[in-house]
Every structure is written in structure tokens, then in C-alpha cells.
Amino acid sequence: MNIKGIEFVEFIGETEIEKKIQALASEINQLYADKTPVFLPVLNGSFMFAADLLKHITIPCRISFVKVSSYDGLSSTGQLKTLIGLEESLFKQDVIVVEDIVDTGLTLQKILDELRALGTRSVEVISLLRKKPARDKGINVRFTGFDIEDEFVLGYGLDYDGLGRNQRNLLKAQRNQ
Ligand code: IMP
């Protein structure tokens, strides 16, 4: 598939994603058996992952979608990000942040700082993908779907320039184009 001049090739198929999601969900069902966690999917990228994951969550839970603004305040440098769309109190709640991909981990770090300041009881992260830079920096993702190298991926909610989110599988950009 070619998007805006970049060739993307199959990376992780639908069946493999589904199997991984079932395993992650059953881990969460066991670990949170006596809790009522609040899942916080971070839009836009995690919409498909969150929908499929939550279908396999069998314990009582709440779901609240959030977004990360590209900047906060008057600067448009994209440096200062802030969590938006949070409509319920997370005080003393067991929160599970649902991410599509953790790359440098900067976005996640900002989200975690904000959530902890709200007096949450616990905050854990589930991410479908974790790239090498996050691993190298020791970014803690409690539930990880796939650890991948430092490559650009698309599909299953993830986009390139706004396109490709609707793909049912994951593709990766072909190198040496
Ligand atoms: P981080 O702050 O560097 O961890 O970036 C995280 C965000 O960057 C993700 O939530 C995605 O929106 C975006 N991103 C990072 N890598 C990719 C990729 O390979 N494909 C699509 N989006 C990506």
C-alpha cells in the first residue's frame, strides 16, 4: 500500500493482534479481579485497540476517552502537551491508560504526571506497541502487546498524515525507498 509516496508492507496480521489482545485482556481480568478499573484510551490512535481490548474485559470497569492536545498555552511549538477531555473524577481510582504506541515515551510521561496529580489510587499502562527508544529509556509499560524496533507503523488505529487508521492489520514503512 502506498500512502503519500511511502510504501507500507504487512507487519502484524489481524489474527496475531487478536490473539495478543485476548492474552492481555485475560491478564488484566485476573490482576484487577477485585477492582473496578477506569480505562483511559488516548485518542485518536488507540480507538481500535481499545474497542477490541474492552470486548474481552469481563470485570466491571469504566471507560473514558481522553486526548492529548498538541500544545498548551500560546506556544505552537508542540512542546507542551496536556490531557484533555477528562470528564470524571479519578480520585482513588485504579486507572489503566490505553495507548496505541509508545515511541519516545514523552507523551506518556506527561499523561502519567497529570494523572498522578489527580490522586489516583494506581496508574498502569497498556500499549499495543512499544518502540525501541521507549525500551532503551526504560519507560514502564505494564502491559505491552508487541515490542518493535524503531520503525514507522500504520494501521489498526495508527496513521500516517491522517491516513491508514482504518486498516485492520499493522503495516510498516518499507526502508530504503
Ligand atoms: P511519543 O511521545 O514519542 O512516545 O509518541 C507517541 C505518539 O506518537 C503516539 O501516540 C502516536 O500518535 C505517534 N507515533 C509514534 N510512532 C508512531 C508510528 O510509528 N506510527 C504512527 N504514529 C506514531
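Residues numbered from 1 in each chain as written. Predicted model: local features only at pLDDT ≥ 70, side-chain atom pairs only at ≥ 80, totals over all residues. Heavy atoms only, no water.

(A) Molecular detail of the overall build of the protein. Scanning the protein for helices and strands turns up 4 helices and 11 strands. Over its C-alpha trace the protein gives a radius of gyration of 16 Å, about what one expects of a compact globule, namely 16 Å for 177 residues. Along the first, second and third principal axes, the C-alpha set of the protein runs to 50 × 45 × 30 Å. Across the 177 residues of the protein, 44% fall into the buried class. The long-range share in the protein, meaning contacts at least 24 apart out of those at least 6 apart in sequence, stands at 66%. In the form shown here, the protein has an accessible surface area of approximately 9,300 Å², with 48% of it arising from carbon and sulfur atoms. Distance between charge centres in the protein, computed from 22 positive and 25 negative side chains, equals 2 Å. (Helix = DSSP H or I, 4+ residues; strand = E, 2+ residues; numbered from the N terminus. Rg over C-alpha atoms; globule rule 2.2 N^0.38 Å. Buried < 20%, exposed > 50% of the residue type's maximum accessible area, 1.4 Å probe, protein only. Contact = heavy atoms within 4.5 Å. Areas by Shrake-Rupley, 256 points an atom, 1.4 Å probe, with all protein chains shown as cover. Lys, Arg positive; Asp, Glu negative; His and termini not counted. Charge placed at Lys NZ, Arg CZ, Asp CG, Glu CD.)

(B) Quick peek at the nonpolar core. Judged by nonpolar contacts, the single largest core of 28 residues is most densely connected at I126 and L129. Going through the elements one at a time, α1 (14-31), α2 (47-54), β7 (94-102), β8 (122-130) and β9 (143-147) are the ones with two or more residues in this core. Once residues lying within four places of it in the same chain are set aside, the contact partners of L129 are I12, D100, I101, V102, F146, I148, V153, L158 and L170. Listed in part, the 18 residues of the second largest apolar core include V95, V102, A134 and V141. (Core = buried A, V, L, I, M, F, W, Y, C linked by side-chain atoms within 4.5 Å.)

(C) Spatial organisation of the pairing of strand β3 (residues 38-43). Most of β3 sits out of view: 5 of its 6 residues are buried. Sheet topology note: the β3/strand β4 (residues 62-63) ladder contains 2 bridges and is parallel. Within β4, the residue paired with F39 across the bridge is I63. In terms of strand pairing, β3 meets β7 through 4 bridges, oriented parallel. Across the sheet, the residue bridging to L40 is V97, located in β7. Of the strand pairs in this sheet, β3 and strand β5 (residues 66-69) are connected by 2 bridges, and their pairing is parallel. If you follow V42 over to β5, its bridge partner there is V66. (Pairing = 2+ DSSP bridges.)

(D) Quick look at the pattern of salt bridges. Taken as a whole and assessed by the stated rule, the structure comprises 13 salt bridges. Close ionic contact of K132 with D136 constitutes a salt bridge, the shortest N to O distance being 3.0 Å. Of the two residues, K132 and D136 are both situated in helix α4 (residues 132-136); the distance of 4 residues between them amounts to about one turn of the helix. Judged by relative accessible area, K132 falls into the partly exposed class, the value being 32%. Exposure remark for D136: the relative accessible area of 56% places this residue in the exposed category. Linking K172 and E151 is a salt bridge whose minimum nitrogen-to-oxygen distance equals 3.7 Å. Within this pair, whereas K172 is found in strand β11 (residues 170-173), its partner E151 is found in the loop between β9 and β10 (153-154), the two being separated by 21 residues in sequence. (Salt bridge = Lys/Arg side-chain N within 4 Å of Asp/Glu carboxyl O.)

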